[in-house]
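Now for the letters of each chain:
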Amino acid sequence: MNPPRTVPDELDAVVVGAGFSGLYLLHRLRQAGFSVKVFDSAGDVGGTWYWNRYPGARCDIPTTDYTYGFDPELEAAWTWSEKYATQPEILGYLRFVADRYDLRRDIEFSTGITAASWDAAGKRWNLTTDRGEQLRCRHYIMASGCLSLPKSPDIIGAGLYTGEVYYTSRWPHEGVDFTGKRVAVIGTGSSGIQSIPLIAEQASQLTVFQRTPNFSIPAHNGPAPADRLQRLSEDRDGYREAAKYSRGGIPNEPTDILGITASEEVRRERFEAAWEQGELFGILGVFADQGLNPISNEIVAEMIREKIRATVNDPETAEALCPKDHYFGTKRPCLDTNYFQTYNLPHVRLVDLRKQPITSITETGVDTADESHSFDAIVYATGFDAMTGPVTAVDVTGTDGLSLKEKWVAGPSTYLGLMSVGFPNFFMITGPGSPSVLSNMTVSIEQHVDWVTDCLTRMRDQGFETIEPTELAEAGWGQHVQDCAAISLHPTADSWYMGANVPGKPRVFLPYIGGVDAYRRACDDLVAQGYLGFRLSGPGRDECRDGVIRTMQPDVAVVLELLATVGLPPLETLPVPDARAIMSAINATRPPSPEVGEVTDGALPGPGGDLPYRLYRPAVPAEGPYPIVVYFHGGGWVLGDLDSDDPLCRDLCARSGAIVVSVNYRHAPEDRFPAAAEDAFAAVRWVDANAADLGGIPGQLAVAGWSAGGNIAAVACQLARDAGGPRILGQLLMHPVVDSDLTRQSYVDNGDGYILTKGLMSWFWDHYADPADRGDLRLAPLRGDLAGLPPACVVTADFDPLRDEGLAYVDALHAAGVPVRHVRARGHTHTSVTMVGVVISGAPVRAEMAEALTGFFGVRTLA
Ligand code: N01
């Protein structure tokens, strides 16, 4: 029986959910002096651990880490019994926590919030409970979990069945005895995989209906991991701090070993170690690139399949249990105890729904295309409407009467997964757009709760009544979340991370995959920047520092961080031979470049002697001839050679289906201005004249260049126009130097920290050209007459000192009547798009570049 209700009708905060999030939130907010009540439709604390009582339910994060870390005394007072705790033990822990901090007196059990609407005039949330009560609060916080709303059974005939029906997510408290019963389990996600071995122990007959086989590794449950226990006993605080700044919320040493380059021996050794360890983040981190690179991922996936085949006796069943339709890790992998072994039991059978789809649930069981099955009980382990479902299940209405459900119709939109524009003072704990389900939840929960509590405290202390993100900040974060997902393999899977498990749900990657560490830093940074992206209002004051917290592509940021740790000397401080040697050494570490049909080296006559060139012939179409692109590498007229831009040339060749002739023009300081420009023009003329011999289509000629190479490509176009030929069909200018003015705003914004610095650019200029020459049109093509030039594609990068001159060239070409396409390399630096196979986010930009090339030639792009 619930005690008589004493809920005041006006509170500082109302929290939905009394699981890990809600309990800690209640504790923190109360400590900070706020009046707060928690509502939960469950009969007790526990959240997910209250409901999911199916046999075998356990956490899949070691108990050393799946535990609150906010209070060392709490940690000392509780001892976990196993590496992976059972549901009853975790529920017992949360009850212990509730008692220890006297939390229950502010929790209303068996009561759900059904509606919340923002009263803009009163600056309060009006809430309605499922008992028909009304109350008001200043802050409304949903701590309702990411996987708390079960997916309704989307199988025809689900209502017809007259036998016993169970849902893993709503298991009877008194338990279920399957002894002697014929049982069906539908679903082989974590819930199915954990419960199947235990149901098989009781049932007389167990039939598992599997739509998608899942990757699962043995949990090797037992005592808590000794190494983690030791680290905790030696330095608890250090361990917890390491968790906060780890990628997944568990202290782990990340590897830099790549699956694609590791030896077979190293691959096997690392995989077996992770298999033995039996930890989720261990098996997800066998190789640094397994979440990004399909080849590396397949190495791990196949080793897991080998284990399945070695465990399951019947080869046909084993094969049906081997996941092959998604990359490992793109659907949540499972930790199991004897899952695959269970299929060796004579009374357990797997029905592969890919071969025999369910046609209907019937009164007595399940009909598939080939068979009719009768059961005493059906267990649905069919999952959840993840992340957004629990939030939109409440009718939340914000400013202007817009509901959250309506706002999120095409997918959730949040600032950091914490708040959403149009819903002031409405917070989510581990909402969509935060690491949440990809992390150790307890660490992510504590971080969110701490952030929200600090925010509310600051608002109160500074006299603010409302807080709401700005549209710019929210859109920027949403872009960053998707940018992070786009470089991973995750969006390829039909997973609940993508909303793909619920019919009709928009296909959007829901959590933030950039890491717990990166996420925490983003949250801390925006606070340090005066709550960047939030609007705070109070009587007589309004504060808003608008902006976007992360604008750089995530893989570009990683490359910059890695380079910073190497601590290379600035190139401009070195003698030229040393700078060239460093660049060659870095280039030698690059991953294998894309395959093309053929690569041949040759030499062409230049004004100062022969110029080496490298010709890339496409693999498709198999038969030539092909259009030709004359390409000039980057390197400030000083650095670079045929090898330096080899990956980029291969990539452009493979994508565009054109021959790429990369010309090694003369360099400064040995050969100063105008040597490079003259060589470029000579090379274009020679290639044009010899197109047929090179395998090209005469007259189908374009030029391309990156950086200083873009400079001489642009200059060659002007010289060709003035000389009356050759006819160039298009110019692809990637982050080109087009002027000698180093005072543009992009030099101010990006002059330092992004590899190409203002200092390095000055060094290049000094080596190449006398100050008196720097207005020459063969150096500063922006200052020339641009009318009559070939159509252009100009690529600019956000974090490039040369950004603004590129933009100025776009405008000037446009003004001169030249067809011009501008490609913005959003979130990129001067060098990052060229990093083929390293910076994955550069690929779409290069695809656009290739499309521009094929557009010059009037043909379709190939890739
Ligand atoms: O749900 P799921 P879950 N017909 O969505 C199948 C966490 N968790 O409850 O993959 C036939 O993963 C569905 O098939 P498919 C953990 O994060 C953690 O198991 O959509 N089959 C799938 O096999 C986990 O990822 C633990 O083709 C249907 C299964 O049902 C998340 O919760 C324990 C179907 C659903 O798998 C969800 O896990 C448990 C249909 N119409 C859960 N609809 C720990 O270990 C669905 N399926 C801590």
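Placed above this text is the structure.
What comes next is a walk through the structure. (Residues numbered from 1 in each chain as written. Predicted model: local features only at pLDDT ≥ 70, side-chain atom pairs only at ≥ 80, totals over all residues. Heavy atoms only, no water.)

Side note on the overall build of the chain
Stage number 1. Looking only at helices and strands, the chain features 26 helices and 29 strands.
Stage number 2. With the principal axes as the frame, the chain shows a C-alpha extent of 95 × 75 × 55 Å.
Stage number 3. Looking at the chain as a whole, 58% of its 863 residues qualify as buried.
Stage number 4. Within the chain, counting contacts between residues at least 6 apart in sequence, those at least 24 apart form 73% of the total.
Stage number 5. For the chain, the accessible surface area stands at approximately 32,800 Å², while carbon and sulfur atoms represent 52% of it. (Helix = DSSP H or I, 4+ residues; strand = E, 2+ residues; numbered from the N terminus. Buried < 20%, exposed > 50% of the residue type's maximum accessible area, 1.4 Å probe, protein only. Contact = heavy atoms within 4.5 Å. Areas by Shrake-Rupley, 256 points an atom, 1.4 Å probe, with all protein chains shown as cover.)

Remarks on the packing of aromatic side chains
Stage number 1. Per the stated rule, a full pass over the model turns up 44 aromatic pairs.
Stage number 2. On the numbers, 5.7 Å between centres and 45 degrees between planes, the contact of Tyr-613 with Trp-686 is tilted. Taken as a pair, Tyr-613 in strand E23 (residues 609-617) and Trp-686 in helix H21 (residues 675-689) lie far apart in primary sequence, 73 residues in all. Each of the two residues, Tyr-613 as well as Trp-686, counts as buried.
Stage number 3. For the ring pair Tyr-754 and Phe-799, a centre distance of 5.1 Å and an interplane angle of 55 degrees mean the geometry is tilted. With Tyr-754 in the loop between helix H23 (745-750) and helix H24 (758-768) and Phe-799 in strand E28 (residues 792-799), this pair connects stretches of sequence that are 45 residues apart.
Stage number 4. Its relative accessible area of 12% is what places Phe-799 among the buried residues.
Stage number 5. Each residue in the set Phe-20, Tyr-24, Trp-49, Tyr-66, Tyr-68, Phe-70, Trp-78, Trp-80, Tyr-93, Phe-96 and Tyr-101 is aromatic and connected to the rest through ring pairs, giving one cluster.
Stage number 6. The ring of Tyr-50 has Arg-53 sitting right over it, with the charged end atom 4.9 Å from the ring centre. (Phe/Tyr/Trp six-rings, centres within 6.5 Å; stacked < 30°, edge-to-face > 60°. Lys NZ or Arg CZ within 6 Å of the ring centre and 35° of its normal.)

Focus on the site of the ligand
Stage number 1. Around the ligand lies a shell of 26 residues, among which Lys-151, Asp-154, Ser-191, Thr-212 and Lys-331 are the nearest.
Stage number 2. Here an oxygen atom of the ligand sits 3.2 Å away from a polar atom, N or O, in the main chain of Arg-58.
Stage number 3. With respect to the ligand, the side chain of Trp-496 contributes an N or O atom lying 3.0 Å from an oxygen atom.
Stage number 4. Contact with the protein chains hides 89% of the accessible area of the ligand, taken as 900 Å² for the molecule alone.
Stage number 5. Examining the composition of the shell around the ligand, we find that 3 residues originate from one element, helix H5 (residues 190-202), more than from any other.
Stage number 6. For the shell around the ligand, a count of residues per class yields 9 nonpolar, 9 polar and 8 charged. (Near = heavy atom within 4 Å. Polar contact = N/O pair within 3.5 Å; in protein donor to acceptor, adjacent residues only side chain to side chain. Nonpolar A, V, L, I, M, F, W, Y, C, P; charged D, E, K, R; others polar.)

With respect to the sheet that holds strand E8 (residues 182-186)
Stage number 1. The strand order across the open sheet built from 5 strands is E7-E16-E8-E9-E12, with neighbouring strands paired in parallel fashion. The open sheet has two edge strands, strand E7 (164-167) and strand E12 (348-352), and neither has a second partner. Going from strand to strand, the sheet's axes swing by 20 degrees on average, the running direction of each strand aside.
Stage number 2. The sheet contact formed by E8 and strand E16 (residues 377-380) spans 4 bridges and is parallel. Bridge pairing in E16 links Ile-186 to Tyr-380.
Stage number 3. Against the sheet, H5 contacts E8, strand E9 (205-210), E12 and E16, and its axis sits at roughly 160 degrees relative to E9. (Pairing = 2+ DSSP bridges. Axes fitted to C-alpha atoms, helices over the stretch in contact; angles between N-to-C directions.)

With respect to the pairing of strand E2 (residues 36-39)
Stage number 1. Going residue by residue along E2, you find Val-36 and Val-38 tucked away on one face and Lys-37 and Phe-39 tucked away on the opposite face as well.
Stage number 2. One ladder, built from 4 bridges, connects strand E1 (residues 10-16) with E2; its direction is parallel. Paired with Ala-13 across the bridge in E2 is Val-36.
Stage number 3. For the handedness criterion, the β-α-β arrangement of E1, helix H1 (residues 20-31) and E2 is classed as right-handed.
Stage number 4. For E2 and strand E3 (residues 107-108), the ladder comprises 2 bridges, and the chain directions are parallel. Paired with Val-38 across the strands is Ile-107, a residue of E3. (Right-handed = clockwise from strand over helix to strand, strands pointing away.)

So, the packing of H1 against helix H15 (residues 441-462)
In a packed pair of helices, the relevant descriptors are the angle between the two axes and the axis-to-axis distance.
Stage number 1. Contact geometry of H1 with H15 gives a least axis separation of 9 Å together with a crossing angle of 35 degrees. The way H1 lies across H15 gives a crossing that is right-handed. Touching Phe-20, Ser-21, Tyr-24, Leu-25, Arg-28 and Leu-29 of H1 are Thr-442, Ile-445, Glu-446, Val-449, Asp-450, Thr-453, Asp-454 and Leu-456, all from H15.
Stage number 2. Among the residues making up the contact of H1 with H15, the classes are represented as 7 nonpolar, 3 polar and 4 charged. (Left-handed = near helix turned anticlockwise from the far one by under 90°.)

Examining the nonpolar core
Stage number 1. Judged by nonpolar contacts, the single largest core of 124 residues is most densely connected at Ile-141, Ile-304 and Trp-451.
Stage number 2. With 8 residues, the single largest contributor to this core is H15.
Stage number 3. In this structure, Ile-304 is in contact with Phe-215, Ser-216, Ile-217, Phe-271, Trp-275, Ile-283 and Phe-328, ignoring residues within four places of it in sequence.
Stage number 4. Counting residues in each nonpolar core, the second largest holds 67 residues, with Leu-639, Leu-694, Val-738 and Leu-756 among its members. (Core = buried A, V, L, I, M, F, W, Y, C linked by side-chain atoms within 4.5 Å.)

Section: helix H7 (residues 236-244)
Stage number 1. For H7, the full list of buried residues reads Arg-236, Tyr-239, Arg-240 and Ala-243. Along the axis of H7, the buried positions cluster into a sector of 95 degrees, meaning they face one direction only.
Stage number 2. Against the buried residues of H7 lie helix H3 (72-77), helix H6 (226-234), H15 and helix H17 (516-528). (Arc of directions from axis to C-beta.)

A look at the pairing of strand E25 (residues 659-663)
Side-chain positions along a regular strand alternate between the two faces of the sheet.
Stage number 1. For E25, a buried count of 5 out of 5 residues is recorded, marking the element as mostly surrounded by other parts of the structure.
Stage number 2. Because side chains alternate across E25, one face comprises the buried residues Ile-659, Val-661 and Val-663, and the other comprises Val-660 and Ser-662, equally buried.
Stage number 3. Bridge analysis of E23 against E25 gives 4 bridges, and the strand direction is antiparallel. The residue of E25 that forms the bridge with Arg-614 is Ser-662.
Stage number 4. The pairing of strand E24 (residues 626-632) with E25 spans 5 bridges and is parallel. Paired with Phe-632 across the bridge in E25 is Val-663.
Stage number 5. Assessed by its sense of winding, the connection that carries the chain from E24 through helix H20 (residues 646-656) to E25 is right-handed.

Structural notes on the pattern of salt bridges
Should the charged atoms of two oppositely charged side chains come close, the side chains can pair.
Stage number 1. Applying the stated rule across the entire model yields 63 salt bridges.
Stage number 2. For Lys-151, the salt bridge identified is with Asp-154, shortest N-O distance 3.2 Å.
Stage number 3. Judged by its relative accessible area of 7%, Lys-151 is buried.
Stage number 4. We classify Asp-154 as partly exposed; its relative accessible area is 36%.
Stage number 5. The closest approach of N and O atoms between Lys-244 and Glu-241, which form a salt bridge, is 3.7 Å. Note that Lys-244 and Glu-241 are positioned in helix H7 at a spacing of 3 residues, about one turn of the helix.
Stage number 6. Overlapping salt bridges, with partners in common, bring together Glu-298, Glu-302, Arg-305, Arg-309, Glu-319 and Lys-324 in one network. (Salt bridge = Lys/Arg side-chain N within 4 Å of Asp/Glu carboxyl O.)

With respect to the packing of H15 against H17
Stage number 1. Relative orientation of the contacting elements H15 and H17 amounts to 5 degrees, with a least axis distance of 11 Å. It follows from the interaxial angle that H15 and H17 lie roughly parallel. Packed against H15, whose contacting residues are Val-443, Ser-444, Gln-447, His-448 and Trp-451, the element H17 presents Val-516, Tyr-519, Arg-520, Cys-523, Leu-526 and Val-527 at the interface.
Stage number 2. Its residues placed into classes, the contact of H15 with H17 shows 7 nonpolar, 3 polar and 1 charged. (Parallel < 35°, antiparallel > 145°, perpendicular 65-115°, else oblique.)

Some details on unusual backbone geometry
Stage number 1. With an omega of 5 degrees, the peptide bond running from Ala-668 to Pro-669 counts as cis.
Stage number 2. A cis amide bond links Gly-725 to the next residue, Pro-726, at an omega of 0 degrees.
Stage number 3. Residue position: Pro-726 is located in the loop between helix H22 (708-723) and strand E27 (730-734).
Stage number 4. One non-glycine residue, Asn-338, lies in the positive phi region at around 65 degrees.
Stage number 5. Tracing the chain through its elements places Asn-338 in the loop between strand E11 (334-336) and helix H12 (339-342).
Stage number 6. The class for Asn-338 is partly exposed, based on a relative accessible area of 43%.
Stage number 7. Despite not being glycine, Asn-425 has its phi angle at roughly 55 degrees, a positive value.
Stage number 8. In this structure, Asn-425 sits in the loop between helix H14 (404-407) and strand E18 (426-428).
Stage number 9. By relative accessible area, which is 0% here, Asn-425 ends up buried.

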